Structure formats: C-alpha cells, structure tokens
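Geometric and topological summary
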Amino acid sequence: MTRLLVLHGPNLNMLGVREPGLYGSSSLEAINTRLEAVAHAAGVTLECRQSNAEHDLVDAIQQAPAHGVDGIIINPAAFTHTSVALRDALLAVGLPFIEVHLSNIHAREAFRQHSYLSDIATGVIAGLGPMGYELALTALLETIERN
C-alpha cells in the first residue's frame, strides 16, 4: 500500500482564522479531513503533520524512508523562502515530493516569490487553495506509479 506524508509548515495551524481573504476560510483540520478521504478512496495511507518548528519538519522528512513513506506533499509556508535545512533533508531522502501553496506565491511580495524547494520538487502547485493538496496527491501517486 502506498504511504504518503503531508507536511504543513508554520502558521498553517491558523488557517481559517489567519488572513482568510488570502488563504481562504478552510481550517487545516478540514483540509486534512478532505485529503484523508481522497487518499482512503485511492487506497493510500496518509499521515498529516503540522509544525511551526523547522527541526520538527526536518525530522519528519529524515524519518520518512524508515516509516515506509513513498512520497511527500509539503506546504513549507514561510520556510519556503528561508529553509536550506528543509531543502537538504528532502535531497537527502530522495523521495518524490510536491510543493504546495494555498496562495499564488508568484503574485505576492518579492521575497515570497523565491522557493528553496521548487527546483528540486517533482512539481509545484500554487494559488489553487485547498484543492492544491488534492491535485498534489493525484500527481504524486501518478509519479510513484510511473517509477
């Protein structure tokens, strides 16, 4: 059975409350619940984790292969623009991953338009709101099947 890890970065625990005009009104719990339903229907085991701490996300990535994870969906949030540590961890484990952003980071402030992960990601989905996670799941499953 395919096993995927979904990682949510800092402040995503505030979804639905934090800037709903930009990030939407869905809570992180609602996003995870919907994603888990889609994964279950596809016969996929899914683990969702959120942390405001960079080292927790790095640890989860490093432990992924030992836990039988086949691929990662990650919304690194603010760490997108700052974290060489996340980049290095993702390179070290060599798992396919999709980078997801609720908002279109390319239409935002200049500092948000650079990602330390995009050039090593299997794909990037930005600006489609919560649906981006579902699209990432579909794309990641197809990538894993091809390989």
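Above: the structure in question.
All of the points below concern the structure found in this document. (Residues numbered from 1 in each chain as written. Predicted model: local features only at pLDDT ≥ 70, side-chain atom pairs only at ≥ 80, totals over all residues. Heavy atoms only, no water.)

1. A look at the side chain of Glu99
- Looking at the secondary structure, you find Glu99 in strand E4 (residues 97–101).
- Arg87 provides the closest opposite charge to the buried, salt-bridge-free Glu99, at an N-O distance of 8.4 Å.
- At 2.9 Å, the side chain of Glu99 and the side chain of Ser118 are in polar contact.
- In this structure, Glu99 is in contact with Ile74, Pro76, Thr80, Ser115, Leu117, Ser118, Ala121, Gly123, Val124 and Ile125, ignoring residues within four places of it in sequence. (Helix = DSSP H or I, 4+ residues; strand = E, 2+ residues; numbered from the N terminus. Buried < 20%, exposed > 50% of the residue type's maximum accessible area, 1.4 Å probe, protein only. Lys, Arg positive; Asp, Glu negative; His and termini not counted. Salt bridge = Lys/Arg side-chain N within 4 Å of Asp/Glu carboxyl O. Polar contact = N/O pair within 3.5 Å; in protein donor to acceptor, adjacent residues only side chain to side chain. Contact = heavy atoms within 4.5 Å.)

2. Some thoughts on unusual backbone geometry
- One non-glycine residue, Asn11, adopts positive backbone phi at about 70 degrees.
- Tracing the sequence through the fold places Asn11 in the loop between strand E1 (3–8) and helix H1 (20–23).
- For Asn11, a relative accessible area of 37% corresponds to the partly exposed category.
- At Ala77, a residue that is not glycine, the phi angle is positive and equals roughly 55 degrees.
- Examined against the element boundaries, Ala77 turns out to sit in the loop between strand E3 (71–75) and helix H4 (84–93).
- Judged by its relative accessible area of 13%, Ala77 is buried.

3. Side note on helix H2 (residues 28–41)
- A rise of 1.5 Å per residue sets the reference length of H2, with its 14 residues, at 20 Å; its end C-alpha atoms lie 20 Å apart and thus fit the reference within 8%.
- Taken together, the buried positions of H2 are Leu28, Ile31, Asn32, Leu35, Val38 and Ala39. Seen along its axis, H2 keeps its buried residues to an arc of 125 degrees; they face one direction. For H2, exposure combined with an orientation more than 90 degrees from the buried face picks out Glu29, His40 and Ala41.
- For H2, the elements touching its buried residues are E1, strand E2 (45–50) and helix H5 (131–146). (Expected span 1.5 Å × (residues − 1). Arc of directions from axis to C-beta.)

4. Looking at the pairing of strand E5 (residues 123–126)
- Only one face of E5 is covered, namely the face carrying Gly123 and Ile125; the face carrying Val124 and Ala126 is uncovered.
- Bridging between E4 and E5 involves four bridges; their strand directions are parallel. When the sheet's bridge partners are listed, Glu99 is paired in E5 with Val124. (Pairing = 2+ DSSP bridges.)

5. Considering the pattern of salt bridges
- Using the criterion set out here, one finds four salt bridges in the structure.
- With its nearest N and O atoms 3.6 Å apart, the salt bridge here joins Arg3 to Glu47. Taken together, the positions of Arg3 in strand E1 and Glu47 in strand E2 put the pair 44 residues apart, joining distant regions of the chain.
- Judged by its relative accessible area of 27%, Glu47 is partly exposed.
- Each of Arg3, Glu47 and Arg49 takes part in one network of salt bridges that share partners.

6. Details of a nonpolar patch on the surface
- A contiguous nonpolar surface patch, about 260 Å² in accessible area, is contributed by Leu128, Met131 and Leu135.
- Looking at the element boundaries, Leu135 is found in helix H5. (Patch = residues over 30% accessible without salt bridge, like charges linked within 9 Å, V, L, I, M, F, W, Y side chains within 5 Å. Areas by Shrake-Rupley, 256 points an atom, 1.4 Å probe, with all protein chains shown as cover.)

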